[in-house]
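Structural characterization, general
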Amino acid sequence: MNQLDLFDAPVPNPCAGVCESDAKGFCKGCMRTRDERFSWNNFNNSEKLQIIQQCRQRYLRRVKAARAQKTRLQSSIASEQQDGQLF
């Protein structure tokens, strides 16, 4: 296999088998949009790799938002507990 063959290798479908959309329209399993999922076979390898990169960014944003929400919830609970201990 030469170096050019590596670039022509098919990009695997990132489907995780969890075909359900979140509130923003991204698949909860692979983080692709509806159009990205349904048109996957029509994209060239470069476009597929770009979509996968975007999916990673979407996933990281989702994880970051979940962590921030957890932190806010923990702070709220701690604040309520401190308020209750004062009386």
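Residues numbered from 1 in each chain as written. Predicted model: local features only at pLDDT ≥ 70, side-chain atom pairs only at ≥ 80, totals over all residues. Heavy atoms only, no water.

Before going further, it helps to spend a moment on unusual backbone geometry. For M31, which is not glycine, the phi torsion reads 70 degrees and is therefore positive. Tracing the backbone through its elements, the reader meets M31 in the loop between α1 (3-8) and α2 (34-38). (Helix = DSSP H or I, 4+ residues; strand = E, 2+ residues; numbered from the N terminus.)

Scanning the model with the defined rule gives zero aromatic pairs in all. In this arrangement the basic side chain of R32 is found over the ring face of W40, its NZ or CZ atom lying 5.1 Å from the centre. In this structure, R37 is placed above the aromatic ring of F38, and the distance from its NZ or CZ to the ring centre is 5.7 Å. (Phe/Tyr/Trp six-rings, centres within 6.5 Å; stacked < 30°, edge-to-face > 60°. Lys NZ or Arg CZ within 6 Å of the ring centre and 35° of its normal.)

To find leftover empty space, a probe the size of one water molecule is rolled over the atoms. The volume enclosed by the largest pocket comes to roughly 220 Å³. In this structure, the largest pocket is lined by D22, A23, K24, F26, M31, R58, R61, R62 and A65. Of the residues assigned to the lining of the largest pocket, the class counts are four nonpolar, no polar and five charged. (1 Å grid on protein atoms, 1.4 Å probe; cavity = no way out; pocket = protein on both sides within 12 Å on 5 of 7 lines; lining within 4 Å. Points joined across faces, edges and corners; volume = space filled by probe spheres on them. Nonpolar A, V, L, I, M, F, W, Y, C, P; charged D, E, K, R; others polar.)

In this section: the pattern of salt bridges. Scanning all chains against the criterion turns up two salt bridges. One salt bridge connects E36 with R58, and the closest N-O pair in it is separated by 2.8 Å. Placement of the pair is E36 in helix α2 and R58 in helix α3 (residues 45-85), with a sequence separation of 22 residues. (Salt bridge = Lys/Arg side-chain N within 4 Å of Asp/Glu carboxyl O.)

Before going further, it helps to spend a moment on the state of the cysteines. The full count for this structure, using the stated rule, is zero disulfides. Of all cysteine sulfurs, the one in C15 lies closest to C19, which takes part in no disulfide; the gap is 4.3 Å. Free cysteine C55: the closest other cysteine sulfur is in C30, separated by 5.7 Å. (Disulfide = S-S within 2.5 Å.)

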